[in-house]
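# Close look at the chain arrangement
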Amino acid sequence: MGGIPTNVDAEVLRNADDVVKGLYAAGEVACVSVHGSNRLGTNSLLDINVFGKRAGRTAAAYAKTAQFIDLPEDPAARVIAQLEELRTRPDGERVSDVRKALQETMDANAQVFRTDGSLSQALADIRILQDRYTRVSVQDKGKMFNTDLLEALELGFLLDIAEVTVIAALNRKESRGGHFREDFPDRDDANYMQHTMIYRRPSDFEYEVDTEAELSPVSAFTRADNFDSYRVVLGAKPVVQTRYEPMERKY
């Protein structure tokens, strides 16, 4: 359905082919492409057991051969600075107000049944909420067990995920599984039998020279949306069909 792309050994993919050395994902967070095999609760437990075990075995083998890499000086500085800026920010937007507005537009405009108009509205709303997020403040200024700060940080991540979800849905001009475009009700295997891969790049980044563009088998179906200092770039990873052919939902 989505999430962090991995191969069958639970290695996280940097793009359609290359892995991120030493990083693994399994279970609901991962997309290993066993479509239809992990959508029920019990099957999800089996999924994490199978691929969690494969992740552990692969990680153990990698650890035996990996070279030690020195950490950069003060590697946590950027994250600490981000948290401190959020914690000490003067009074501004309330986290709950921005989160509620995000929930409302995603529920109304980016639910299972979508159109170009509703998704475009959701993206426009998200752009406004991203701007409002730069002014959110927390009421609890403490440093211990600060759930107010945690929720503020999570809201930023929710906005990121909402943005890429809507952009990917706008790009996929078909209906498939839990994604139903009322303006494109038919499934289109010729153009969209693929995984959407999304990358965040600097705003002055030229997509044509990007590694992902070269690896993407469907570069003709990419699009970019600018917002402030970054660009959201769409690529794709092919679906590998083995014994079980992906079937259309007909109920």
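Everything numeric here is computed off the predicted structure, so don't read it as measured data.

### Topic: the side chain of arginine 114
Here arginine 114 lies in strand E6 (residues 113–114). No salt bridge forms around the buried arginine 114; measuring N to O, its nearest opposite-charge neighbour aspartate 183 is 9.5 Å away. Looking at arginine 114, its side chain comes within polar contact range of the main-chain oxygen of alanine 110, at 3.4 Å. Side chain to side chain, arginine 114 and histidine 179 meet in a polar contact 2.9 Å long.

### What about the packing of helix H2 (residues 77–87) against helix H5 (residues 147–171)?
Between H2 and H5, the least distance of the axes is 10 Å, while the angle of their chain directions is 110°. Classed by the angle they form, the pair H2 and H5 counts as roughly perpendicular. Remark: the crossing between H2 and H5 carries right-handed chirality. Contacts from Gln82, Leu83, Leu86 and Arg87 in H2 reach Leu149, Ala152 and Leu153 in H5.

### A look at unusual backbone geometry
Phi is positive for aspartate 74, which is not a glycine, with a value near 50°. Here aspartate 74 lies in the loop between helix H1 (41–65) and H2. With a relative accessible area of 51%, aspartate 74 lands in the exposed category. Positive phi is not limited to glycine here, since phenylalanine 145 has a value of about 50°.

### Topic: helix H4 (residues 116–133)
Counted at 1.5 Å a residue, the expected span for H4 with its 18 residues is 26 Å, and the 25 Å between its end C-alpha atoms agrees. The complete set of buried residues in H4 reads Ser118, Leu119, Ala122, Leu123, Ile126, Arg127, Leu129, Gln130 and Tyr133.

### Quick notes on the side chain of aspartate 148
On the secondary structure map, aspartate 148 appears in helix H5. Among buried Asp, Glu, Lys and Arg side chains, aspartate 148 stands out as unpaired, with arginine 94 the closest opposite charge at 6.8 Å. A distance of 2.7 Å separates a polar atom in the side chain of aspartate 148 from the backbone nitrogen of glutamine 139. Once residues within four sequence positions are removed from consideration, aspartate 148 is found in contact with Val138, Gln139 and Asp140.

### A few points about the packing of aromatic side chains
Evaluated as defined, the whole model comprises one aromatic pair. Taking 5.5 Å as the distance between ring centres and 65° as the angle between the ring planes, the aromatic pair formed by phenylalanine 113 and phenylalanine 180 counts as edge-to-face. With a gap of 67 residues between them, phenylalanine 113 in strand E6 and phenylalanine 180 in strand E8 (residues 180–181) connect regions that are remote in the sequence. Accessibility expressed as a relative area gives 29% for phenylalanine 180, which makes it partly exposed.

Rules of the game
Residues numbered from 1 in each chain as written. Predicted model: local features only at pLDDT ≥ 70, side-chain atom pairs only at ≥ 80, totals over all residues. Heavy atoms only, no water. Helix = DSSP H or I, 4+ residues; strand = E, 2+ residues; numbered from the N terminus. Buried < 20%, exposed > 50% of the residue type's maximum accessible area, 1.4 Å probe, protein only. Lys, Arg positive; Asp, Glu negative; His and termini not counted. Salt bridge = Lys/Arg side-chain N within 4 Å of Asp/Glu carboxyl O. Polar contact = N/O pair within 3.5 Å; in protein donor to acceptor, adjacent residues only side chain to side chain. Axes fitted to C-alpha atoms, helices over the stretch in contact; angles between N-to-C directions. Parallel < 35°, antiparallel > 145°, perpendicular 65-115°, else oblique. Left-handed = near helix turned anticlockwise from the far one by under 90°. Contact = heavy atoms within 4.5 Å. Expected span 1.5 Å × (residues − 1). Phe/Tyr/Trp six-rings, centres within 6.5 Å; stacked < 30°, edge-to-face > 60°.

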